[in-house]
Each structure stands twice: as structure tokens, then as C-alpha cells.
Amino acid sequence: MLVSYATLGYPNREDYLRLVKGLVEAGSDILEIGLLPKYAKYDGPVIRRSYKQVSTWLTDFWSLLEETRRAVDVPLVILTYLEDWVSSLSQVLAKMKEVGIDGVLFPDLLIDFVDEYEKYVNEIKSHGLSAVIFTSPSVPDPLIHKVSRLSDMFLYYGVRPTTGVPLPVSVDSLITRVRTLVNNKLVVGFGLSDIEDMKKALKAGADGVAIGTVYIEEIERNGVESAISLARKFRGILDGA
Amino acid sequence: MANSEEIIPSYWYNIIPDLPKPLPPPRDPPDAEFSRIDLLRKIMPSEVLRQQFTVERFVSIPREVREAYINIGRPTPLVRAKRLEEFLNTPAKIYFKYEGATPTGSHKINTALPQAYFSMKEGVDHLVTETGAGQWGTAVALSARMYGLNSTIFMVKVSYEQKPQRRTIMQLYGAQVFASPTSHTEYGKKVLNENPNHPGSLGIAMSEAIEYALSNGYKYLVGSVLDVVVLHQSVIGLEAMKQLQELDEEPDVLVGCVGGGSNFGGFAFPFIGSKKGSKYIAVGSYEIPKFSKGAYNYDFPDSAGLLPLVKMITLGRDYVPPPIYSGGLRYHGAAPSLSMLIKEGIVDWREYNEKEIFEAAQIFLQTQGIVPAPESSHAIRAVIEEAREAKIKNEKKVIVFNLSGHGLLDLPNYESMMKRIG
């Protein structure tokens, strides 16, 4: 399973729409779309740069989400901080459903809202949306086991403590370990930019990979088309080519 | 009886997978002009960094590090404080793990050694760190030497001048010791420009050490607070667990003092993780009231603000600790894992003032003979109170504490306390 991430509106409206279409044509099974947060507290420097650029022009993100929906036919999962929506959650989820979004992932759910995570998961599901749960190595084993059954589509497991900083981690031992706890599809993300890491993750039992930071870096260097070629390459690895 | 080398564990224990809740991850501040998480990658040895973020419950101790532990006299003794029990006339049994028995006189060497070893394996030839009172700098200086590496220690200028013995030990070990602020870094130059007689601070020394490591391609070693340091310190608790087993004792109460939390965590976490003991007491200083007055917030672990934000109990990084005798407790926060365990009610806390700990130190040294570090005397005070409570309730409980260091280099502090408190 290839889950590709794009920051909504990055690098600009036209290129963003070219990117999401291209990522799907290249074989992405699911698109994860990041909404500009007030404080990207659990994102790394690369994703933060993309938010910063988007913050200079994007005001009406709903219309761009609608355009995204019209542009592609794979499931769309919105990545957004729960912190930004706590007071208006019900309206926001209803609106997401209305524009055709399929699922929601809150990166801060099990960190800042861990005492009430079930309530929020139920709220997402009650709007007919999928709740995709984000976990990481700092989530205790019993909790990973518990939420893996609640998570829709797949369980997201980020192997690095923050996006886009290539901190040294033992990808294979992390995945081997978490695989035994998860009764669900397991998608591994956060800095799996390197092909070797990706192969190790798959070999250790991951069902898929989530790619984000590396696309943004590629766009910064060589533009959208080049990022799309990367997606094609990742698809090839997943298909064993 | 197991032979003494078998007491030393083959694995360090990591409490992260056994915490009641996810440990909030380190993060960069909003609108950060640079990524502090990325900075870690540049300054820390990569194996140390990998261990900082590991999820494995047990991390293998390399054979060479285990040999180095043996070489510095590990396992440290677990001693029954029989005379103290008699003095207190308590039915409780009291044991202490004596980390003062290491060559550098405190537990700090337990993490300096593996960090130096991993640096050497990665081809680094020069280590840099900062030190306040000198315990950490001493541990790094010796560890570097043991692996044939050079070391540079930025020692807070006021300590450099007032604690010449510590400086001398580091120099004997072969370290280059600078009185910070120095003119060896841009940051130090800036500080000296503003005030040529600046007394220095731990924050300034740390900024200088990090800058010096970065600009010369050296590695920087971290002495407390971070998870990897607590991981390495778990050698204390793992040894103590085996030593208690040998004696057929089941501990009830585990006690340790808290500066940044690595000696307490290293000692108590293996017990907490294996559900041995029913009460865990972290002891801080009344003069630095982080437990009673601190907030549980994201804050910088260092006063310079160069490391990533972590969620911890903190008085705020701008908090200036009063100039108390226990240099090792003059810190604004507590390790994230320990902070969470306190917030969740799994670990209790106490805070004692200078008078209370001075009395405790006197009782201990007059009954057991060891001059405890003023920091460790905080733990002793809590132990005495637990033992007295056991007497009132006539409970035969087993109290175990970590005597994190000796106080033989703190005699001027004790002298000052004698004059003031008597």
C-alpha cells in the first residue's frame, strides 16, 4: 500500500493539483493531505517549510479540498491537528464529509488528547469518516495493541520522532516488534525516504509505506514532475520490481 | 552467590514501552529559525541518538562497555545500613546502592562510558561537554581517556575558580578544561564582550560546548535528562535488583534524589518496570521547588534553548536556581519519563530544605561513615522519614535508596553548612 502525502496548496495551486493527480497516476493507493496548522508541533523542518509557503497565500482551503476531490478518485485522508479544531470539531467533520473526504488523521491525538482519544475516534466515525490513528515508538505497547483495532483503513506507525529529520533508528527491529501488536494493516511512515529503510520495513511485516517529506524535498530541488517520478519508483519497490 | 561480574547486567532497561501513556515526543518551537532535532543529529554520536529514540525494552550493553564497567569497580556495592537502622530504632531494613564507589565519585560515569565508547566506534576522536560543579565533566574526562579520546570541558567560570580540585582531576585525566565564557567560541566572545568579568552559567557553558563541537567536527555528550542517559543509568537499578535477589529481599520503598532525574530513573525504573516495590520516592530540593511549584509543560531542557523542547515538570528554563550547596540539584526540570510517572501518581515526591538534609547527612555519616554528596543527602532524609514512619506503624518494610555520590569534594559546602546550621 502506497500512502502519499501532500501539503494542501504546496508549492502553489496549479502545481499542487498536478502533484496530487500525478501521485495517484504513479500508483498511490491513498492520498494524505496536510492542512496548514497553527503550530506544526510534531512536524519536522521540511514539512514546516511547506506550511510556511502555503501560509502566504492559501485562505480558502475548503474550495481547494473540493478541487482535490474532483481531481482524484483514491481515498483522501486529511492530516490535521485536533488542537486546531477542538471547539468546532463536529462542524468541521461534517464539512469534510460533505466535500467528499474519506478519513481523518490527527497526529496529536495520542499525545495531547490521550485521555479522551476514544471519544474523538467515535466522533470521527459518527460522521461517516474513517479514523486513521497515528502511533509511534513512544506509544506504549498495550495502547498500540488497543488502537490498532480501532483504526480504520490502516494503522499509521511513524518510526522517527519527527518528520523529515533522518535520526538513526533501527527500522527493522521497530517494525518486527510492532507487527506482533497490530491486528490491522500497518503503514509505516516518517522519514522512510531511503530505499533500504523501505525494503527493511516491508520485509519486517509492514503492509505499506507513507511518503511525504521526501516528495517536498524533491519539489524544492527539482519540481513536481520529479516528485511524481519518485512515487513511481516507490510503487515499483512495493510491487517487488 | 553469583560472582560479582554476573551482577552487572548485559542489557540496559528502557521504561518507555512500559509507561502508562505515550511519552510526548521532543519538538521544535513554533517558528523555529533552525531545527533543534536536526541539531541533535549533528552533535551527538549516532548510536547514542538511536538509543535516545529506541522503543526496545532492553538494549544490549556492548561487551567493551561491560568490561569498562568492571574496570571502574562495578558492580557498586549494595550495603545494609545496619547502624542507621539501629540509630533510628526502626523495624525497617535499610539498604543503599553506593554509586560513590566509582572512581569519579558519582553515578555520572555510567553514561559517560558508553557515550564515549560509541563515539570512539564511530571514529570520533574528541569529545566536548560542559560542567557546572564538575561531576559530569570528570566522568567525561575519564571516559574519553579510557577510550583514547581527547576531551574538552567547558567549566562554568565561577566553579572553575571555586572548585579547583574538580578542575585538577579533569586535567589529570587529560582533559582540556576551559573557564566558560571563553574566547574559543563566537558565543563566548559575545558574552565576554558584554561583560569581561562574566561569572558564567551552565547555559553559556553548554552553548559554548555545542558550538565548539559543531565547528570542529567533535561530538557532544549529554549528562542528564534525556532518555538515553536514563537508559544507561539503569545499570544501577538492574544491579541492585540482582543484589537484593541474592539476599532474598523484596524491596518495598525505593528512594533517590532528583537533579535532572537520571540517577533516580536509573535506579528506580527497573523496579517500576518489573513491578517490584510499592512506593517510589523522588526527592528534590525545597529551595528549587520543581515538584511542588513546577508546571508540566513543554520546555527547553537547557537554559540556552539549543536542545528540542520536551514535556516535563519544569520551573521554566529562565528560572535561576538559588546558590545552594547541592550543585547537582540546581536544575529547572525533570526527565520527561520521570515527570510523567509523577504526574500519573506512580512516583511520589518530597522536597527538603538545606537544614533537613544537613541533619540527615550528619546522621548518615556518623552511623555509616560515608560522607554523602549533599544531593544524595536529600534521599537519605526521605529514607529516615520512611524508617521513622515504619517504627510508628511497626512495619518491617525494606527501604532501598541510591547513594548517588560521595561528598568528599563537597567539604567546603559542609563547612559552610556547619557554620550556618551547626
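Our subject is the structure that appears above.
Definitions and limits used
- Residues numbered from 1 in each chain as written.
- Chains lettered and ligands numbered in written order.
- Predicted model: local features only at pLDDT ≥ 70, side-chain atom pairs only at ≥ 80, totals over all residues.
- Heavy atoms only, no water.
- Contact = heavy atoms within 4.5 Å.
- Buried area = accessible area lost by both parts, 1.4 Å probe.
- Salt bridge = Lys/Arg side-chain N within 4 Å of Asp/Glu carboxyl O.
- Polar contact = N/O pair within 3.5 Å; in protein donor to acceptor, adjacent residues only side chain to side chain.
- Helix = DSSP H or I, 4+ residues; strand = E, 2+ residues; numbered from the N terminus.
- Nonpolar A, V, L, I, M, F, W, Y, C, P; charged D, E, K, R; others polar.
- Core = buried A, V, L, I, M, F, W, Y, C linked by side-chain atoms within 4.5 Å.
- Buried < 20%, exposed > 50% of the residue type's maximum accessible area, 1.4 Å probe, protein only.
- Axes fitted to C-alpha atoms, helices over the stretch in contact; angles between N-to-C directions.
- Parallel < 35°, antiparallel > 145°, perpendicular 65-115°, else oblique.
- Left-handed = near helix turned anticlockwise from the far one by under 90°.
- Pairing = 2+ DSSP bridges.

S.K.: When you look at the interface of chain B and chain A in this model, what are you seeing that I'm missing?
M.R.: Much of the literature gives interface size as the accessible area that the parts lose upon coming together. Between chain B and chain A, the residue contacts involve 29 residues of the former and 27 residues of the latter. Carbon and sulfur atoms make up 63% of the surface buried where chain B meets chain A, a total of about 2400 Å² over both sides. Area buried by chain B at its contact with chain A is led by B:P22, B:R27 and B:V55, which between them contribute 26% of it. Along the contact surface separating chain B from chain A lie 2 salt bridges. Linking A:D115 and B:K21 is a salt bridge whose minimum nitrogen-to-oxygen distance equals 2.6 Å. On the surface where chain B and chain A come into contact, there are 8 residue pairs in polar contact (both at pLDDT 80 or more). Mapped onto the side of chain B that touches chain A, the elements with two or more residues apiece are α2 (36-43) and α3 (46-52) of chain B. Grouping the amino acids of the side of chain B that touches chain A by side-chain chemistry returns 18 nonpolar, 2 polar and 9 charged.

S.K.: Would you explain the nonpolar core in this entry?
M.R.: Residues A:I33, A:M96 and A:I175 are the most contacted members of the largest nonpolar core, which totals 103 residues. Ranked by residue count, the leading element in this core is helix α11 (residues 224-238) of chain A, at 8 residues. Among residues more than four places away in sequence, those in contact with A:I33 are A:Y5, A:A6, A:L8, A:Y16, A:V20, A:L65, A:T68, A:L76, A:V77, A:I78 and A:L79. Residues B:Y147, B:V230, B:A240 and B:L254 belong to the second largest nonpolar core, which totals 95 residues.

S.K.: What is the right way to look at unusual backbone geometry in this model?
M.R.: Cis geometry marks the peptide bond from A:Y10 to A:P11, where omega comes out at 0°. Along the chain, the position of A:P11 falls in the loop between β1 (2-7) and α1 (13-25). Geometrically, the link from B:S180 to B:P181 is a cis peptide bond, its omega value of 10° lying close to zero. Along the chain, the position of B:P181 falls in the loop between β7 (176-180) and α10 (186-194). We note that B:D248 has phi near 60°; this positive angle belongs to a residue other than glycine. By the element assignment, B:D248 lies in the loop between α12 (227-246) and β9 (253-257). Judged by relative accessible area, B:D248 falls into the exposed class, the value being 71%.

S.K.: Hey, could you run me through the packing of helix α6 (residues 117-126) of chain A against helix α7 (residues 141-150) of chain A in this one?
M.R.: Residues and elements named next belong to chain A. The N-to-C vectors of α6 and α7 enclose an angle of 10°; their axes lie 12 Å apart at closest approach. When the axes of α6 and α7 are compared, the pair comes out roughly parallel. The element α6 and its partner α7 pack so that their crossing is right-handed. Here Y117, E118 and K125 of α6 lie close against α7, whose contacting residues are L143, K146, V147 and L150.

S.K.: Just to check I follow, could you spell out the sheet that holds strand β2 (residues 30-34) of chain A for this structure?
M.R.: Residue and element names in this part refer to chain A. On the basis of which strands lie adjacent, the closed barrel formed by 8 strands has the order β1-β2-β3-β4-β5-β6-β7-β8 and parallel pairing. In this sheet, neighbouring strand axes are inclined to one another by 25° on average, regardless of whether the strands run parallel or antiparallel. In this sheet, strand β6 (residues 155-158) lies alongside strand β5 (residues 130-135) in parallel orientation, the contact comprising 3 bridges. Pairing of T135 across the sheet is with Y157, part of β6. Lying on the sheet, helix α8 (residues 171-179) is in contact with β6 and β7 (186-189); it crosses β7 at an angle near 155°.

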